[in-house]
Amino acid sequence: MNQNYKEGDYIPSKGYFHICKYPNCVDPYFYGRKNQKYHPDCKKRNDAEKAALKREKTKEENEKMAKNLFILEELYPRSGGTFEIQISEFRIRGFDFQAPSRHVKTEINGYSCFIIHGYAYRYIKERETIIIYKKDELCRV
Ligand SMILES: [Zn+2]
């Protein structure tokens, strides 16, 4: 019966025929409004699962960012906005260069820097080193 209809068919006295889009739906054929994609309960479950996934992803990125910030704080006294530190020191500590940060160019020299909260760092490709700044020191580089 149901299988003879296709998505969007209008069946008099029943409504529009649909196949529920929720991946875990146990009984996906239903009749409903014209543009309805889910059973009402499936829509709720689908939205809740999507929101949970999003929270999980944000949490993961926040944790990476927090770890990077911790490493910058730890190494800052050795760099102090002046001295270069080998990139290997960052890698040993587990610094994640893919983690979220804000990219800026400094006003004086146009250096590319990455800001994480109160700190910023600049990668010097020729020597594979990094200088760490406090964010408010960026105005002089
Ligand atoms: Zn469903």
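Scroll up for the structure.
Treat the numbers as computed from the prediction; the structure is a model and nothing was measured. (Residues numbered from 1 in each chain as written. Predicted model: local features only at pLDDT ≥ 70, side-chain atom pairs only at ≥ 80, totals over all residues.)

Caption draft 1: A look at the overall build of the protein chain. A count of helical and extended segments in the protein chain gives two helices and eight strands. Listing every helix and strand of the protein chain by position from the N terminus yields β-β-β-α-β-α-β-β-β-β. In terms of overall size, the protein chain is more extended than a compact globule, its C-alpha atoms giving a radius of gyration of 26 Å where 141 residues would be expected to give roughly 14 Å. If you line up the protein chain on its principal axes, its C-alpha atoms span 75 × 30 × 25 Å. A burial count over the protein chain gives 15% of its 141 residues as buried. Partitioning the contacts of the protein chain with sequence separation of at least 6, the portion at a separation of at least 24 is 39%. (Helix = DSSP H or I, 4+ residues; strand = E, 2+ residues; numbered from the N terminus. Rg over C-alpha atoms; globule rule 2.2 N^0.38 Å. Buried ≥ 20, exposed ≤ 12 C-beta atoms within 10 Å, placed from the backbone. Contact = placed C-beta atoms within 7 Å.)

Caption draft 2: Structural view of the environment of Asn-62. Tracing the backbone through its elements, the reader meets Asn-62 in helix H1 (residues 40-79). Each C-alpha atom of the pair Asn-62 and Pro-100 lies 8.0 Å from the other, and the pair is 38 residues apart in sequence.

Caption draft 3: Spotlight on the sheet that holds strand E1 (residues 10-11). Taken in spatial order, the three strands of this open sheet run E1-E2-E3, and their pairing is antiparallel. Lying at the two open borders of the sheet, with one neighbouring strand each, are E1 and strand E3 (29-32). In this sheet, strand E2 (residues 15-19) lies alongside E1 in antiparallel orientation, the contact comprising two bridges. Bridging across to E2, Ile-11 finds its partner in Gly-15. (Pairing = 2+ DSSP bridges.)

Caption draft 4: Molecular detail of the pairing of strand E8 (residues 129-134). Of the pairings in the sheet, the one linking strand E4 (residues 85-86) to E8 comprises two bridges and is antiparallel in character. For Gln-86, the partnering residue across the bridge sits in E8 and is Thr-129. Of the strand pairs in this sheet, strand E7 (residues 119-124) and E8 are connected by six bridges, and their pairing is antiparallel. Its bridge partner lying in E8, Ala-120 is registered against Tyr-133. The hairpin turn running from E7 into E8, its antiparallel successor, is four residues long, and Glu-128 in that turn takes a positive phi close to 55°.

Shape is all these values report; function is a separate question.
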